[in-house]
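Report on the structure
Letter by letter, the chains look like this.
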Amino acid sequence: MNRGIWPLFLVILVAGAVAQVFLPWWSVAVVAFAAALWLGTHGGWAFLAGFEGVGFVWFALAAWLNVQNQGLLSHRVAQLLPLGGNGWALVVVTAILGGLVGGLAALAGCWVRQAVSPKPVAQPVS
């Protein structure tokens, strides 16, 4: 049964947002891994769902924090990195890094699922 990308994306998005409120940053990797282990059917879709789900959560959280302190902290951190002091560039970089963490964790979860219960290969009709 092909369920597509949306159920996995929504589970990672919601569970990742809840985990970010109460748990450390790396908890999103555990969430993406577990969600893909449960719902992942295709490695590429699992990576994309994890990348988008965690990336959106981290972008929203970083953007909210940036707006709340009027960009002072992100501007200072962006000055330490080669971002020209642009706080919003730091928000985007944060979202991309979070997306990579979530995508790779979801890909690993999907691959573990496929290794444990592989799909039967269709035999050619002779």
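Residues numbered from 1 in each chain as written. Predicted model: local features only at pLDDT ≥ 70, side-chain atom pairs only at ≥ 80, totals over all residues. Heavy atoms only, no water.

What to know about the packing of helix H1 (residues 6-22) against helix H3 (residues 43-68)
- Contact geometry of H1 with H3 gives a least axis separation of 8 Å together with a crossing angle of 35°. Judged by the sense of rotation from one axis to the other, the crossing of H1 with H3 is right-handed. Taken together, the residues of H3 that come into contact with H1 (itself represented by Leu8, Phe9, Ile12, Leu13, Gly16, Ala17 and Gln20) are Ala46, Ala49, Gly50, Glu52, Gly53, Val54, Phe56, Val57, Trp58 and Leu61.
- In terms of residue class, the contact of H1 with H3 is built from twelve nonpolar, four polar and one charged. (Axes fitted to C-alpha atoms, helices over the stretch in contact; angles between N-to-C directions. Helix = DSSP H or I, 4+ residues; strand = E, 2+ residues; numbered from the N terminus. Left-handed = near helix turned anticlockwise from the far one by under 90°. Contact = heavy atoms within 4.5 Å. Nonpolar A, V, L, I, M, F, W, Y, C, P; charged D, E, K, R; others polar.)

Some remarks on the UniProt feature "transmembrane region" (unreviewed entry) in the protein chain
- Feature annotation in UniProt places "transmembrane region" (unreviewed entry) on residues 6-39, 46-67 and 87-112, given in this structure's numbering.
- Taken as a whole, residues 6-39 contains 88% helix and 0% strand, while its terminal C-alpha atoms sit 10 Å from one another.
- The annotated region residues 46-67 carries 100% helix and 0% strand content, and the separation between its end C-alpha atoms amounts to 31 Å. (UniProt positions renumbered as here; feature names shortened; annotations may be inferred.)

Some thoughts on H1
- For H1, built from 17 residues, the straight-helix expectation of 24 Å at 1.5 Å per residue is met to within 8% by its first-to-last C-alpha distance of 25 Å.
- Lining the buried residues of H1 we find helix H2 (27-39), H3 and helix H5 (87-116). (Expected span 1.5 Å × (residues − 1).)

A short note on unusual backbone geometry
- Not every positive phi belongs to a glycine, and Gln70 is a case in point at roughly 55°.
- Relative to the helices and strands, Gln70 resides in the loop between H3 and helix H4 (72-80).
- Residue Gln70 is classed as exposed on the basis of its relative accessible area, which comes to 71%. (Buried < 20%, exposed > 50% of the residue type's maximum accessible area, 1.4 Å probe, protein only.)

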